Amino acid sequence: MSDNVILKVEHLSKDFGSNRVLKDIDFTVSQGEVISIIGASGSGKSTLLRCINLLETPTSGVILYHGTNILDRKVKPPKYRSKVGMVFQSFNLFNNMNVLKNCMVGQTTVLGKSKEEAKENALKYLSNVGMDAYIKAKPKQLSGGQKQRVAIARALSMEPEILLFDEPTSALDPETVGEVLSVMKTLAESGMTMIVVTHEMAFAKDVSTRVIYMNDGIICEEGTPEQIFGDPQKGETKAFLSRFRGVN
Amino acid sequence: MGSEATNFTDIIAKLGSDIVKLWQDAAPQYLKGAGDTLLLAVVATAVGCLIGLYCGILQTLSYSKNDFWLKKAVINTTKAFVRVYVEVFRGTPMILQAVFIFFGLPYLTGNALRFDVITAAYIVVSVNTGAYMAETVRGGILSIDKGQTEGAMAIGMNHFQTMVKVILPQTLRNIIPQIGNNLIINIKDTSVMFIIGYAELFAAHKSYVGATYLYFPSAVVTMAMYLIMTAVCSVLLRLWEHLMDGPENFNLATTDSLALTSGMNNYPSGKRRKRWAR
């Protein structure tokens, strides 16, 4: 597993003013891993994910992508971001384009693909998420779950190496959460490398290969889902999970 | 009371005959004036929009603290330049800007740099509109949800691509009412170009009343022509807005019976929602 390392984060810290939200984070992502990051709101999960995609600039530390430090001035963030897909809590579909264009625009402008090729690719991923019938719809005409599935297809049509999910189901109602989670599950089973910030404990437990529990800006505990959910070592992890017991 | 009414009828009748006389005398001059006014206003507003869009992009440039110092310096200088441009051209009367460009440039350069009347008029109105549009575009860009930028950045678009493909099309839709404002203001305010001798509608009015002293009848005709031009432009702009909104409904690409049950293909939007608002 260690020879297929895609991403290696070392001593990553992030300050917002005098508030240090990430403290000396170290972790590694290998090919095919599905990593769930869990933790209370404000523990730094989303900031960590946004740092990985350079939507936030880390204050200090190193992010190695196949051995290259992407925080180096010589590395162009757009080129790197095109290989690391991201799915947002608020979908962020382009409001001025229909579903098909949303999935094509990145391929044509960033990857330089032809329109035909981009369309074919977009249709493939849209049908994977069950949204190929809606190609002519504008984002405002879709429900939340449909929007999120399109957002996943948009990220996939860039054919990224890793897909980052920032609380992808938190803005959805309980009934549509399922349709998005099942798409993500299928994706995980197909071997996609994923990092998922989530409050869906069932998903973290059943689908992920590794779970990271974050608390107060540090990685408090990490391990397989069996270890974290079955036999947590730290007091904080136990306390956090006990709040979910009743639900699951 | 009765005699006053008769008087008033007489006055209206006189106004009518004066207008008929005016129109028989000088209709071509008035129409040409109106045409020149409209052309100047439309072209200058369009050019002003392009200047505004460009300045709008420049004003949203940003850098992170890891960037090379030269990049930071270039960005800061560019932004300062745009700010000075906006403040100067928004903060001085257009009539004086026309004097500066038409009389000032030849004066300062010893006649090396001079524009003819028509070129000078187009430059002044365009650059003036551009200054206002720069602020309008900046406001329009600020009003677009930050998530749109993040979504574009996350699939690897650079600043320019993000702006052109995602942010500016949405901005443009939102600022059409303001573009309309500028167009209508320009139709009226191009009248100050008489200062450098640009022959538009107001100049036609001035030259006619100079010869005939029919001040009020000519003012009525000129006023009506301005109103017709601005009203037509208003209607056309509304139409453009409506076109940009696109169709309210969409068709499913396949006949998937399962998909239909969860579809929202009759979601009320655009026209229907507006009708409720009324």
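Look up: the structure comes first, before these words.
Throughout what follows, the structure given in this document is the object of discussion. (Residues numbered from 1 in each chain as written. Chains lettered and ligands numbered in written order. Predicted model: local features only at pLDDT ≥ 70, side-chain atom pairs only at ≥ 80, totals over all residues. Heavy atoms only, no water.)

**Considerations on the overall build of chain A**
What counts, and what does not: By the criteria applied, helices consist of DSSP H or I runs no shorter than four residues and strands consist of E runs no shorter than two, each listed in order from the N terminus. Three exposure classes are used, based on accessible area relative to the maximum for each residue type with a 1.4 Å probe and protein chains only: buried under 20%, partly exposed in between, and exposed over 50%. Residues count as neighbours in contact if any of their non-hydrogen atoms are within 4.5 Å of one another.
Tallying secondary structure elements over chain A gives 9 helices and 10 strands in all. Taking the principal axes of its C-alpha atoms as reference, chain A extends roughly 55 × 45 × 35 Å. Split into buried and exposed, the 248 residues of chain A put 54% on the buried side. In chain A, the proportion of contacts linking residues at least 24 apart, taken out of those at least 6 apart, comes to 65%.

**As for the side chain of Arg210(A)**
Residues and elements named next belong to chain A. With respect to the element layout, Arg 210 can be found in strand β9 (residues 210-215). Overall, Arg 210 belongs to the buried group, its relative accessible area being 15%. Ignoring anything within four residues of it in the chain, the contact list for Arg 210 reads Thr 28, Val 29, Glu 33, Val 34, Ile 35, Ser 36, Glu 222, Gly 223 and Pro 225.

**Some remarks on the interface of chain A and chain B**
Applied cut-off: Accessible area that two parts lose when put together, with a 1.4 Å probe and added across both, is what the buried area reports. Here, a salt bridge means any Lys or Arg side-chain nitrogen found within 4 Å of an Asp or Glu carboxyl oxygen. Whenever two N or O atoms come within 3.5 Å, that pair is a polar contact, provided that in protein one can donate a hydrogen and the other can accept it, and provided that, for residues adjacent in sequence, both atoms are side-chain atoms. Residues are sorted three ways: Asp, Glu, Lys and Arg are charged, Ala, Val, Leu, Ile, Met, Phe, Trp, Tyr, Cys and Pro are nonpolar, and all the rest, Gly among them, are polar.
Tallying the contact residues gives 35 residues for chain A and 37 residues for chain B. Buried surface at the junction of chain A and chain B, summed over both partners, amounts to about 2,900 Å²; 57% is from carbon and sulfur atoms. Among the residues chain A hides against chain B, the three largest losses belong to Ala133(A), Tyr134(A) and Gln141(A). Together they make up 20% of the total. Our enumeration of links across chain A and chain B arrives at 1 salt bridge. Put simply, Arg50(A) and Glu150(B) hold a salt bridge, and the shortest N to O gap is 2.6 Å. Here chain A is connected to chain B by 7 residue pairs in polar contact (both at pLDDT 80 or more). Listed by contribution, the elements that provide at least two residues to the side of chain A that touches chain B are α2 (77-81), β6 (84-87), α3 (99-109) and α5 (144-157) of chain A. In terms of residue count, the dominant contributor to the side of chain A that touches chain B is α3(A) (3 residues). Classifying every residue of the side of chain A that touches chain B by side-chain character gives 16 nonpolar, 11 polar and 8 charged.

**Side note on the sheet that holds strand β10 (residues 218-223) of chain A**
Residues and elements named next belong to chain A. Note the cut-off: For two strands to pair, DSSP has to find at least two bridges joining them. A fitted line through C-alpha atoms represents every axis, and for helices the fit uses only the stretch in contact; the resulting angles, taken between N-to-C directions, go from 0 to 180 degrees.
Read from one edge of the open sheet, 6 strands run β6-β7-β8-β3-β9-β10, paired in mixed fashion. In this open sheet, the two strands that pair with only one neighbour each are β6 and β10. Between one strand and the next, the sheet's axes are offset by a mean angle of 20°, whatever the strand orientation. Bridge count for strand β3 (residues 34-38) against β9 is 4 bridges, and the pairing is parallel. Directly across from Ile 37, in β9, lies its bridge partner Ile 212. Sheet contacts for helix α1 (residues 45-52): β3, β6, β7 (162-166), β8 (193-197) and β9; angle to β7, the most-contacted strand, approximately 145°. Where helix α6 (residues 174-189) meets the sheet, its contacts fall on β3, β7 and β8, and the angle it forms with β8 comes to roughly 145°.

**Focus on helix α4 (residues 117-143) of chain B**
We apply this condition: Under the convention used throughout, the expected extent of a helix is 1.5 Å for every residue step, that is, one less than its residue count.
Its 27 residues give α4(B) an end-to-end C-alpha distance of 39 Å, which sits within 8% of 39 Å, the value for a rise of 1.5 Å per residue. The residue sitting at the N-terminus of α4(B) and contributing the capping side-chain oxygen is Asp116(B); that oxygen lies 3.2 Å from the backbone nitrogen of Ile118(B).

**What to know about the environment of Gly223(A)**
Residues and elements named next belong to chain A. Of note, Gly 223 is situated in strand β10. With relative accessibility at 9%, the residue Gly 223 sits in the buried group. Taking the C-alpha atoms as reference points, Gly 223 and Gln 31, separated by 192 residues in sequence, lie 17 Å from one another.

**What to know about the pattern of salt bridges**
All names here are of chain B. Applying the stated rule across the entire model yields 20 salt bridges over all chains. Notably, a salt bridge pairs Arg 138 with Glu 135, separated by 3.2 Å at the nearest N-O pair. Taken together, the residues span about one helical turn, with Arg 138 and Glu 135 both in helix α4 at a distance of 3 residues.

**Notes on the sheet that holds strand β1 (residues 5-16) of chain A**
All names here are of chain A. The strand order across the open sheet built from 4 strands is β2-β1-β4-β5, with neighbouring strands paired in antiparallel fashion. The sheet terminates laterally at β2 (19-30) and β5 (68-69), the two strands that pair on one side only. Taken together, the 2 bridges between strand β4 (residues 60-65) and β5 define a ladder with antiparallel strand orientation. Within β5, the residue paired with Leu 64 across the bridge is Asn 69. Strands in contact with α1 are β1, β2 and β4; relative to β2, the strand with the most contacts, it is inclined by about 60°.

**Observations concerning the nonpolar core**
Residues and elements named next belong to chain A. Defined as follows: We call a set of buried Ala, Val, Leu, Ile, Met, Phe, Trp, Tyr and Cys residues a nonpolar core when their side-chain atoms join them within 4.5 Å.
Ranked by size, the top nonpolar core spans 42 residues in total, and within it Leu 126, Ile 152, Phe 165, Met 184 and Met 194 carry the most contacts. Contributing elements (two or more residues each) for this core: α3, α4 (115-128), α5, β7, α6 and β8. Those residues in contact with Met 194 that lie beyond four places of it in its chain are Glu 33, Val 34, Ile 35, Leu 163, Phe 165, Met 184, Leu 187, Ala 188 and Phe 203. Formed by 32 residues, the second largest nonpolar core is a distinct cluster that contains Ile 25, Val 29, Cys 51 and Phe 88.

**Some remarks on the pairing of β10(A)**
Residues and elements named next belong to chain A. Pairing analysis gives 5 bridges linking β9 to β10, with the strands arranged antiparallel. From the neighbouring strand, Asn 215 faces β10, where its bridge partner is Ile 218. Between β9 and β10, which pair antiparallel and follow one another directly, the connecting turn spans 2 residues, one of which, Asp 216, has a positive phi of 55°.

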